[in-house]
Amino acid sequence: EKIETKISDVDKDKSKNIWVAAQQKGLYKIDSTIKFKQVEATANENFNAIYFDLDNQLLAATDEGLILFKTDGKKEIEPVCSINGFEGKKVKSLIPCDSLRNAFWVAVPGEGVYKILKAGSCYYIYSQIVEDLGSATMNISTLFVDHSRNLWVGLLGEGLRKISFDHLNISNVLYINK
C-alpha cells in the first residue's frame, strides 16, 4: 500500500509503531514488522500534525479542531476528547513545549499560538500568544521549540519570531523579518 497524498507529520508511539498523518487520507500505522495500513476510522480526515503525549495518547491537529485519541485499546483508534476552544477550527501546527510531552504549543492561523496543558483525561487552553507575535495576519506557517525551550514561530510573508520565556512569562521576543 502507498500513500498518494502529502505527508504532513510522523510520530512514534511507546510500542514503537510509526504513525503517519496524511492530507485528506487520515492516519496510517506502520508496526515493528513494517506492516503498513491505513487507519480506517480516519480515512477521510485531514491531519496537519500529530504527537504522542506523555500518556501515549495521540494529539491530532486537524482541519476540524484538536482531538485527543486513545490508540492502545480494543479499537485501533478511539477519540478521548475534542479540546475545547478549537472545535471547527483549522489547527495548522502542534509541537511539544519540552521533552516531557505534557504541554504543547498549538498554531491556529488568524488567531495566534496557544499553549495547552493536560488536566485529567483531556487538554485545556492555558494561554494564548497574539500581540507578542507582532503580526498583521497571524498566518502561521510553522512552530519549532529549540533545546532552550524557546518557541520559534514562522509567519508567512512576515518572517520569524523567537519567543523566550522566564518561567511561565514571555521574557523576550526577537523579530526576524525577511
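Just so you know, these numbers come straight off a predicted model, no measurement behind them. (Residues numbered from 1 in each chain as written. Predicted model: local features only at pLDDT ≥ 70, side-chain atom pairs only at ≥ 80, totals over all residues. Heavy atoms only, no water.)

Structural notes on the confidence of the model for the protein
Now for step 1: Looking at the protein, the pLDDT average stands at 92 and 98% of residues meet or exceed 70.
Now for step 2: The spread of mean pLDDT over the elements of the protein runs between strand 4 (residues 36-38), the lowest at 85, and strand 10 (residues 103-108), the highest at 97. (pLDDT = per-residue confidence, 0-100. Helix = DSSP H or I, 4+ residues; strand = E, 2+ residues; numbered from the N terminus.)

Some details on the side chain of Asn17
Now for step 1: Here Asn17 shows up in the loop between strand 1 (7-12) and strand 2 (18-22).
Now for step 2: Judged by its relative accessible area of 11%, Asn17 is buried.
Now for step 3: Beyond its immediate stretch of four places on either side in the chain, Asn17 contacts Asp11, Lys12, Lys29, Ile30, Asp31 and Ser32. (Buried < 20%, exposed > 50% of the residue type's maximum accessible area, 1.4 Å probe, protein only. Contact = heavy atoms within 4.5 Å.)

Observations concerning the side chain of Asp146
Now for step 1: Among the structural elements, Asp146 can be located in the loop between strand 13 (140-145) and strand 14 (151-155).
Now for step 2: For the buried Asp146, no salt bridge is present, and the opposite-charge side chain at shortest range is Lys162, 5.1 Å distant.
Now for step 3: Within the structure, the side chain of Asp146 is placed 3.0 Å from the backbone nitrogen of Ser148, a separation counted as a polar contact.
Now for step 4: For Asp146, the side chain forms a polar contact with the side chain of Trp152, separated by 2.9 Å. (Lys, Arg positive; Asp, Glu negative; His and termini not counted. Salt bridge = Lys/Arg side-chain N within 4 Å of Asp/Glu carboxyl O. Polar contact = N/O pair within 3.5 Å; in protein donor to acceptor, adjacent residues only side chain to side chain.)

Topic: the sheet that holds strand 9 (residues 93-96)
Now for step 1: One open sheet accounts for 4 strands, arranged 9-10-11-12; its pairing is antiparallel. At either margin of the open sheet sits one strand with a lone partner, and together these are strand 9 and strand 12 (122-129). On average, each strand axis in the sheet is tilted by 30° relative to the strand beside it, whichever way the strands run. (Pairing = 2+ DSSP bridges. Axes fitted to C-alpha atoms, helices over the stretch in contact; angles between N-to-C directions.)

Details of the pattern of salt bridges
Now for step 1: A full pass over the atoms with the stated rule returns 5 salt bridges.
Now for step 2: One salt bridge in this structure joins Lys118 and Asp53, with 2.9 Å as the shortest N-O distance. Here Lys118 is found in strand 11 (residues 112-119), whereas its partner Asp53 is found in the loop between strand 5 (47-52) and strand 6 (58-62), with 65 residues between them in sequence.
Now for step 3: Owing to a relative accessible area of 4%, Asp53 belongs among the buried residues under this scheme.
Now for step 4: The shortest N-O distance in the salt bridge between Lys118 and Asp55 comes to 2.8 Å. Placement of the pair is Lys118 in strand 11 and Asp55 in the loop between strand 5 and strand 6, with a sequence separation of 63 residues.

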